[in-house]
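Coordinates in review
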Amino acid sequence: MSNIKTSKMTNWRWVMCAMLFFATTVNYMDRQVLSLTWKDFIAPEFHWDDNTYGNITAVFSIFYAVANLFAGRFVDWMGTKKGYLWAIVVWSLGAVLHALCGMFTEGWMGGDFTSKAALIGATGDAALAISTISMYAFLFCRCILALGEAGNFPAAIKVTAEYFPKKDRAFATSIFNSGASVGALAAPATIPLLARAMGWEMAFVIIGALGFVWAGIWTFVYDKPEKSSHVNDAERLYINQDDEHAATPAAKEEKPERQMGILEAFTYRQTWSFVFGKFMTDGVWWFFLFWAPAYFSDQYGYTSDSAMAITLIFTLYAIVTVLSMFGGYLPKLFVEKKKMNPYQGRMRAMLIFAFFPFLALFAQPMGQYSAWWPAIIIGLVGAGHQAWSANIFSTTGDMFPKSAVATITGIGSMAGGVGSFLINKGSGMLFTYAEHQGAAFQFMGFEGKPAGYMIIFSICAVAYLIGWSVMKLLVPKYKPIVLD
């Protein structure tokens, strides 16, 4: 034992964290391609309005929600390596298939509508048919994308539970979860330019292909820590420090834990706490992810491929990326300096982050002076969300055994998808209605579509405090689940 403690510890767990980071980055870039191309490239070709786009994002969200219910269980059953591999291959295939939607629409319409120019020039019933057919084509591809993407976070959280002790999990999660904001950061700097130079179809193909590259690398670098030749005994001892019954850190197969069924999972208050927290807050992030490019186009006239729009969205996600990294460190500070247990420290940190979204109330009023104000404010709200997200994900590892982590994460992500469905479908309907009503539609001093945005910003502002309060009510103290 003394030789182990004095030997130099390997750091393969951080290589795993880097792989999770890049997978999440690719995940969010694939998700962003549509939001960065629909308003200025796809909508004119297929005659979409806000409601059409809202339908697509809503169906993606609800399908993602349903897939998450089974994705976590699938990853627990298949194993981390194969489960993650299947997930990224499926979502990358879905991403690439988007490029064929225009060809499918042209083929379905036939007749005089076998070119982009003919589709764009259509009017009346023909334009409505093009809008409907193309919407269903994109919905099919979005569902494949959602099916694969549902596996990302259950698999990533499972890897984190395998490779990190509880006190480090929120920090590790905040690092790989920052891939979401890095992906959202890289997307506006690349995707609109690709769409302008090569067509929106190639933007889907090029970004989608990145996932296949990651999958090839994953097959060679991942193995469980007790089996990995890259992890020495000193690192295994560090990883397993929470296991009070670990007599030695020697590399050996752990005793298999009983699997938790989906229905059984719903019998625990800890599950409902995680579910409600995700339901209330995931939709906020997805709203800004899906609608921010359209917001700057609608409110300020900056098309997604313009230098100003790229700069605004890049700045927004740069703020998210930099500040959210501290989200995982704060509970670690509470645990080590304040001697709190991991759950207590995490909930304290989440309460602090729950106040960040209140800034959303000022985005629309300050936007009257400059587009930079909403970009900065939404960036701060997004940073608060990502910090919150890193910690709420880590509560599953605090409360549940490793064999159940992916299942619980999938259930919670399902709830987050339902929340996203509601806010995205509601936003599309609200914005279309508000635009048609014009000055007759008013809210807090704004009228028309700006009033619609103000309503959604107000909902986003209070979502986290409501979520935190119910979570604390359901699980007031640290109480881990033990499977017999």
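Everything discussed here concerns the structure shown above.
Let us look at the structure shown here. Remember, it's a predicted structure, so these values are computed and weren't measured experimentally. (Residues numbered from 1 in each chain as written. Predicted model: local features only at pLDDT ≥ 70, side-chain atom pairs only at ≥ 80, totals over all residues. Heavy atoms only, no water.)

Before going further, it helps to examine the overall build of the protein. Each helix and strand in the protein was counted, giving 20 helices and 2 strands. A compact globule built from 484 residues would reach a C-alpha radius of gyration of about 23 Å, and the protein, at 23 Å, matches this within 12%. Oriented by its inertia axes, the alpha-carbon framework of the protein measures out at about 75 × 45 × 40 Å. The buried share among the 484 residues of the protein stands at 59%. Contacts spanning at least 24 positions in sequence make up 84% of the contacts within the protein whose residues lie at least 6 apart. Carbon and sulfur atoms make up 68% of the accessible area of the protein, which amounts to about 18,900 Å² in all. Between the centroid of the 35 positive side chains of the protein and the centroid of its 32 negative side chains there is a distance of 12 Å. (Helix = DSSP H or I, 4+ residues; strand = E, 2+ residues; numbered from the N terminus. Rg over C-alpha atoms; globule rule 2.2 N^0.38 Å. Buried < 20%, exposed > 50% of the residue type's maximum accessible area, 1.4 Å probe, protein only. Contact = heavy atoms within 4.5 Å. Areas by Shrake-Rupley, 256 points an atom, 1.4 Å probe, with all protein chains shown as cover. Lys, Arg positive; Asp, Glu negative; His and termini not counted. Charge placed at Lys NZ, Arg CZ, Asp CG, Glu CD.)

Evaluated as defined, the whole model comprises 14 salt bridges. The partner of K116 in a salt bridge is E201, with the nearest N and O atoms 3.1 Å apart. Placement of the pair is K116 in helix 6 (residues 116-120) and E201 in helix 10 (residues 200-221), with a sequence separation of 85 residues. What you see here is one network of salt bridges that share partners, running through K39, D50, D298, E435 and K449. (Salt bridge = Lys/Arg side-chain N within 4 Å of Asp/Glu carboxyl O.)

Moving on, we get to empty space enclosed by the protein. Summed over the entire model, instances satisfying the criterion amount to 4 cavities of 30 Å³ or more. Size it by volume and the largest cavity reaches roughly 120 Å³. Lining the largest cavity are 14 residues, with Y28, F153, K278, D282 and W286 sitting closest to its centre. For the lining of the largest cavity, the elements supplying multiple residues, two or more each, are helix 2 (12-46), helix 13 (269-300) and helix 18 (372-399). Approximately 70 Å³ is the volume attributed to the second largest cavity. Of all the elements in the fold, those that place two or more residues in the lining of the second largest cavity are helix 13 and helix 18. (1 Å grid on protein atoms, 1.4 Å probe; cavity = no way out; pocket = protein on both sides within 12 Å on 5 of 7 lines; lining within 4 Å. Points joined across faces, edges and corners; volume = space filled by probe spheres on them.)

Two residues of an α-helix separated by three or four positions point the same way, owing to the 3.6 residues in each turn. Residues of helix 5 (residues 101-109) that are buried: C101, G102, T105 and E106. One side of helix 5 holds all its buried residues, which, seen down the axis, span an arc of 135°. Facing away from the buried surface of helix 5 by more than 90 degrees, the exposed residues are M103, G107 and W108. Where helix 5 is buried, its residues touch helix 2, helix 4 (80-97), helix 6, helix 7 (124-149) and helix 10. (Arc of directions from axis to C-beta.)

Let us now look at the packing of helix 2 against helix 4. Axis separation between helix 2 and helix 4 bottoms out at 10 Å; the angle between their running directions is 25°. When the axes of helix 2 and helix 4 are compared, the pair comes out roughly parallel. As helix 2 packs across helix 4, the resulting crossing turns out to be left-handed. Residues L20, A23, V26, N27 and D30 of helix 2 touch helix 4, and the partners they reach there are Y84, I88, W91 and A95. Residue composition of the contact of helix 2 with helix 4, by class: 7 nonpolar, 1 polar and 1 charged. (Axes fitted to C-alpha atoms, helices over the stretch in contact; angles between N-to-C directions. Parallel < 35°, antiparallel > 145°, perpendicular 65-115°, else oblique. Left-handed = near helix turned anticlockwise from the far one by under 90°. Nonpolar A, V, L, I, M, F, W, Y, C, P; charged D, E, K, R; others polar.)

We now examine the nonpolar core. Among the nonpolar cores identified, the biggest contains 150 residues, and F138 and F287 are the most heavily contacted of them. In this view, F138 contacts L34, I42, F46, W48, I56, H98, C101, W200 and F204; residues no more than four positions away in its chain are not counted. (Core = buried A, V, L, I, M, F, W, Y, C linked by side-chain atoms within 4.5 Å.)

By themselves, these are just geometric observations and shouldn't be taken as functional.
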